[in-house]
Amino acid sequence: MREVFGLITKGHKCVPLRGVDVMADIIGRGCKVKLIQTFINSEENPIEAVYKFPLPENCTVCGFIVKIGDRTIYSEVEDRDKAFELYDKALTNRDGAYLLDEERPNIFTLSVGNLPSGSVARIEIDYITILDTFGSEIRFFLPTTISPRYIPDGSHTNGIPEADIVNPPFALDVPYGLKALVNIHDRDNILSIESPSHKISIDISNNPVKISFASETVKMDRDFVLNIKHKKGFENRGYIYEADNGKFIQIDFTASFNDLSEHADKPSGEIIFVLDCSGSMGGSSINEAKKAIEIFIRALEEKIKFNVYRFGSTFEKLFDSAVSGNNENIAKALQYVTKIDADLGGTEILLPLKDIYETESGLVKNIILITDGQIGNESEVIKLIRNGSNKNRLFTVGIGYGPNEYFLKQAARISNATSELIAPDERIEPKILKLFKQVTRGNLMSFKIHWANSVEQAPAETVIFSGHTVSIFGKTDLTSVIPDKLKITAVFDSKPLEWLIDLKTINIVEGLPISLWARERIRELEEAPSSGSRQVDRKDRLVKEEIIELSKEFKIISRETSFIAVEKRKDSEEKEKEIIISKVPVMLTKAWGDANVHHCLLFSPLRYKFFHGTSTKRLYSKVNANFAMPIELLARTQETDIVVHLLTLQRPAGGFVIDKYIAKRGFSITIKELKDLSNTIITENATDKFVLLSTAIVLTILRKNFVHKKDIWEGVVEKSIKWLDGEIKKNKPRLKNISLMEWVEEFVEQSFLVE
């Protein structure tokens, strides 16, 4: 049973938080954000307002100031315990005090202490981050609510129940909302902007492009997501920044080794699907996840072993242990997946992972976990994952209005894998299918930057898959001479690779690389295994001291430090009044725990986008006084529908069988007409001519019409490419007096209806 609060706190006091404003600037992959929280005390007594809120897990919180009237109170970074002592002392002396703590890298607690009656406090929090990037698309992500976390009984940290640390009080509605203004620079390089989470207004009249919500404020019941696609991808590049405390280097690196991976041998390991079937996964989430798993299973080759798990409060698995991907086992798995539903209660991730990690097979296990990740016992789960990281890779796919971003990304990070987050209006299948090539072909090995001097690199080790852009930071002293180029080497499929990265010295952009280097270094210290048996979140003394030293030097927050600001006050009548504690409720995540709402609202076929310079059909709609915004309603969604549907037609043995939907939708013919046509194919040996024709047509459609969605289908159809190559070599098929492939090329080009 969860506790739900209304518009007042316990004790029938008014909620003091009146609004949250966000202002962000995006330059390339870099992003600087100012978060402003406004508190008003409308009580007769002074209050202590406590507000637990989320931030992106990879952000660096580097600023914290308080404005009351015409006064500005600046903060300092202190040891967490000392910061609380200063805060407590200030409240005892009836001074103002403001404390910002990090509970998790994505959960923070703000304490606004001794706010006088009638006063307004404006809390300004600054953070910087590098945005997630794949190909030419970057993703701006702003969490707004903390979804209730499933926490097993008895979970504690330093004697404090985990529930008290991560779960705020929840409300079905709150009196405060969110305003946002996002400036996206380099307008001419932007191809499209979309928000799968909110209706937005886009002003392209000037540079930067300005993004705001279509309404003045929005409810804080879901994450705010912007997907920004550029006309060209991000190039490998390096920057040098000089500061008083050293030289800082930022390397932006994108792995592109598709030419080699075309001929790479697939590993003969295991692929384990682990699907969250708790209640919060109901509706479109579970259906789209099932479809993606079905396509994935159809693409498996016999030498790869696989299994399917589903979990909630309990778990079950299809096979006792992983089995080969032969026709019989794939048929059983497809039948099993069809019957899966979100009917297993809570989110107990530890149970199925224990079963997988503790079962010895002698093979590398590639685990694909699909979940909203709403758990509070992350440390216990992460410990299991870390201990098995030499034999297992855990790829995570986070789903929902407010997935647990930190847990999902950390779990993938420490197991040398990748993660994906999917907003409710985004299709699940494409992102899961992008994992196919990563799972089956692997990542760069022995990645090394050949620094010319002694450089402190952060992160020290990086996992890199094709298409993903990563940023690596280095710090060296001011006397070091840094060359104009840096060599990077790696190994893929036993083949050595080498890149030369150009470096250039530029002015510091508001401390971006300096703070990010420090944050990455602190993260490595925080996430390293604890050496003490009695420690869970806190590290041993030496590591803790290093974290505190870095936090203070670079003025950024960590789990060992806090921002503290104290406002000295003169004597007043309020010094005699009792300070009332007011815990700010957080709005319950949209559709959380309500299967009926989840079913209705999780997926909408219409996604509103701005496309710059595209040739697709458009509908123009006036969104503000400055311009008419092109809105694409269906074309891109229909493209994904067609690609996903085509992939479901793949046979376990390889090859495709076209169905009546593709025949009618794509070519305006019937299945009978297509079969009659296939019977006219001339072959040197007996074969299934309809499968032969279907396979040739499907692969040609994908290659000619959906090359821009290659990251979805490329790895999935390799089995059928091999099957078709074998059939053509063996049977030399001809149709209408020309080779089958020549005929199909012309047939698809002239007849296939893209729109």
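Just so it is clear, the structure is predicted and the values come from calculations on it, not from any experiment.

On a plain count of helices and strands, the protein comes out with 19 helices and 44 strands. By the burial criterion, 59% of the 755 residues in the protein qualify as buried. The contacts in the protein between residues at least 6 apart in sequence include a share of 75% that link residues at least 24 apart. As displayed, the protein has an accessible area near 31,700 Å², and 50% of this comes from carbon and sulfur atoms.

As a further point, take unusual backbone geometry. Note the cis peptide between Asn207 and Pro208, where omega equals 10°. Looking at where Pro208 falls in the secondary structure, it is placed in the loop between strand 20 (200–203) and strand 21 (209–213). Cis geometry is found at the peptide bond from Ala458 to Pro459, where omega equals -5°. Its place among the elements puts Pro459 in the loop between strand 33 (456–458) and strand 34 (469–476). Look at Asn114: it is not a glycine, yet its phi comes out positive at around 60°. Following the sequence through the fold, Asn114 ends up in strand 11 (residues 107–115).

Now for helix 8 (residues 405–414). Among the 10 residues that make up helix 8, nine are buried, leaving the element largely enclosed by the rest of the structure. For helix 8, every residue scored as buried is listed here: Glu405, Tyr406, Phe407, Leu408, Lys409, Gln410, Ala411, Ala412 and Ile414. One or two positions beyond helix 8, positive phi appears at Asn416, with a value near 60°.

Our focus in this paragraph is the sheet that holds strand 38 (residues 580–583). Taken in spatial order, the six strands of this open sheet run 9-37-10-11-6-38, and their pairing is mixed. Since the sheet does not close on itself, it has two edges, and those belong to strand 9 (76–79) and strand 38, each with one partner. Strand-to-strand, the axes of this sheet are offset by a mean angle of 25°, without reference to chain direction. Pairing analysis gives seven bridges linking strand 10 (residues 96–104) to strand 11, with the strands arranged antiparallel. Bridge pairing links Arg104 to Ile107 in strand 11.

Once their charged atoms are close, side chains differing in charge can pair, the charge on each being opposite to the other. A full pass over the atoms with the stated rule returns 48 salt bridges. Between Asp252 and Arg237 there is a salt bridge; the shortest N-O distance is 3.3 Å. One end of the pair, Asp252, is in strand 24 (residues 246–254); the other, Arg237, is in strand 23 (residues 237–243), with 15 residues separating them in the sequence. Its relative accessible area of 28% is what places Arg237 among the partly exposed residues. For Lys391, the salt bridge identified is with Glu360, shortest N-O distance 3.4 Å. Taken together, the positions of Lys391 in the loop between helix 7 (378–387) and strand 30 (392–399) and Glu360 in the loop between helix 6 (350–358) and strand 29 (365–371) put the pair 31 residues apart, joining distant regions of the chain. On the accessibility criterion, Lys391 (40% relative accessible area) is partly exposed. Where salt bridges share partners, they join Lys34, Lys67, Arg122, Glu124 and Asp126 into one cluster.

A word on the packing of aromatic side chains. What the rule picks out here adds up to 22 aromatic pairs. Their ring planes at 25° and their centres at 6.1 Å tell us that Phe53 and Phe108 sit as a pair that is stacked. With Phe53 in strand 6 (residues 47–54) and Phe108 in strand 11, the pair connects residues that are 55 residues apart, well separated along the chain. Of the two residues examined, Phe53 and Phe108, each falls in the buried class. Both rings, one in Phe248 and one in Trp517, keep their centres 6.0 Å apart while their planes meet at 70°; by these two values the pair is edge-to-face. Taken together, the positions of Phe248 in strand 24 and Trp517 in helix 10 (residues 512–527) put the pair 269 residues apart, joining distant regions of the chain. Each member of the pair Phe248 and Trp517 is classed as buried. Members of the aromatic cluster, joined through ring pairs, are Phe39, Tyr51, Phe53, Phe108 and Tyr176. It is Lys475 that lies over the ring of Trp517; its NZ or CZ is 5.8 Å from the centre.

What follows concerns the nonpolar core. Of all hydrophobic cores here, the largest spans 80 residues; its most connected members are Ile297, Ile370, Leu647 and Ile697. Excluding residues within four positions of it along the chain, Leu647 makes contact with Ile295, Arg298, Leu433, Phe656, Leu702, Ile712, Trp713, Val716 and Val717. In this structure, Phe39, Val61, Ile123 and Ile125 belong to the second largest nonpolar core, which totals 62 residues.

Read from one edge to the other, the open sheet built from seven strands follows the order 32-35-36-23-24-34-33, with strand pairing classed as mixed. Because the sheet does not close on itself, it has two edges, and the strands there are strand 32 (445–450) and strand 33. For this sheet, the mean angle separating the axes of adjacent strands, direction not counted, is 20°. Looking at chain direction, strand 23 and strand 24 are connected through seven bridges and run antiparallel. Bridging from a neighbouring strand, Ile240 pairs with Ile249 of strand 24. Relative to the sheet, helix 10 contacts strand 23, strand 24, strand 33 and strand 34, its axis offset from that of strand 33 by approximately 80°.

Tracing the sequence through the fold places Ala653 in the loop between helix 13 (635–647) and helix 14 (660–667). Assessed through its relative accessible area of 41%, Ala653 is described here as partly exposed. Taking the C-alpha atoms as reference points, Ala653 and Glu301, 352 residues apart in sequence, are found 8.3 Å from one another. In this structure, Ala653 is in contact with Asn327, Lys719 and Trp723, ignoring residues within four places of it in sequence.

Take Arg298: it is sitting in helix 4 (residues 284–298). Residues contacting Arg298, with those up to four places away along its chain left out, are Leu334, Leu647, Thr648, Gln650, Arg651, Pro652 and Lys719.

Right, let's talk about the pairing of strand 5 (residues 30–40) for a bit. The pairing of strand 4 (residues 17–27) with strand 5 spans 10 bridges and is antiparallel. Note that in strand 5 the partner of Ile27 across the bridge is Gly30. What sits between the antiparallel neighbours strand 4 and strand 5 is a turn of two residues, in which Gly28 has the positive phi angle 65°. As paired strands, strand 5 and strand 12 (residues 120–130) are joined by 11 bridges and run antiparallel to one another.

All of the buried residues in helix 7 are Glu378, Val381, Ile382, Leu384 and Ile385. Buried residues along helix 7 cover an arc of 160° about the axis, so they all sit on one side. Among the exposed residues of helix 7, those oriented more than 90 degrees off its buried face are Lys383 and Asn387. Tucked inside the fold, the buried residues of helix 7 contact strand 10, helix 6, strand 30 and helix 8.

Put simply, helix 10 and helix 11 (residues 541–554) touch, their axes get as near as 10 Å, and they point 165° apart. By the angle class used here, helix 10 and helix 11 are roughly antiparallel. Helix 11 is crossed by helix 10, and the crossing has left-handed handedness. Contacts between helix 10 and helix 11 involve Ile514, Trp517, Ala518, Arg521, Ile522, Leu525 and Glu526 from the former and Val543, Glu546, Ile547, Leu550, Ser551 and Phe554 from the latter. Each residue belonging to the contact of helix 10 with helix 11 can be placed in one class, and the counts come to nine nonpolar, one polar and three charged.

About the thresholds
- Residues numbered from 1 in each chain as written.
- Predicted model: local features only at pLDDT ≥ 70, side-chain atom pairs only at ≥ 80, totals over all residues.
- Heavy atoms only, no water.
- Helix = DSSP H or I, 4+ residues; strand = E, 2+ residues; numbered from the N terminus.
- Buried < 20%, exposed > 50% of the residue type's maximum accessible area, 1.4 Å probe, protein only.
- Contact = heavy atoms within 4.5 Å.
- Areas by Shrake-Rupley, 256 points an atom, 1.4 Å probe, with all protein chains shown as cover.
- Pairing = 2+ DSSP bridges.
- Axes fitted to C-alpha atoms, helices over the stretch in contact; angles between N-to-C directions.
- Salt bridge = Lys/Arg side-chain N within 4 Å of Asp/Glu carboxyl O.
- Phe/Tyr/Trp six-rings, centres within 6.5 Å; stacked < 30°, edge-to-face > 60°.
- Lys NZ or Arg CZ within 6 Å of the ring centre and 35° of its normal.
- Core = buried A, V, L, I, M, F, W, Y, C linked by side-chain atoms within 4.5 Å.
- Arc of directions from axis to C-beta.
- Parallel < 35°, antiparallel > 145°, perpendicular 65-115°, else oblique.
- Left-handed = near helix turned anticlockwise from the far one by under 90°.
- Nonpolar A, V, L, I, M, F, W, Y, C, P; charged D, E, K, R; others polar.

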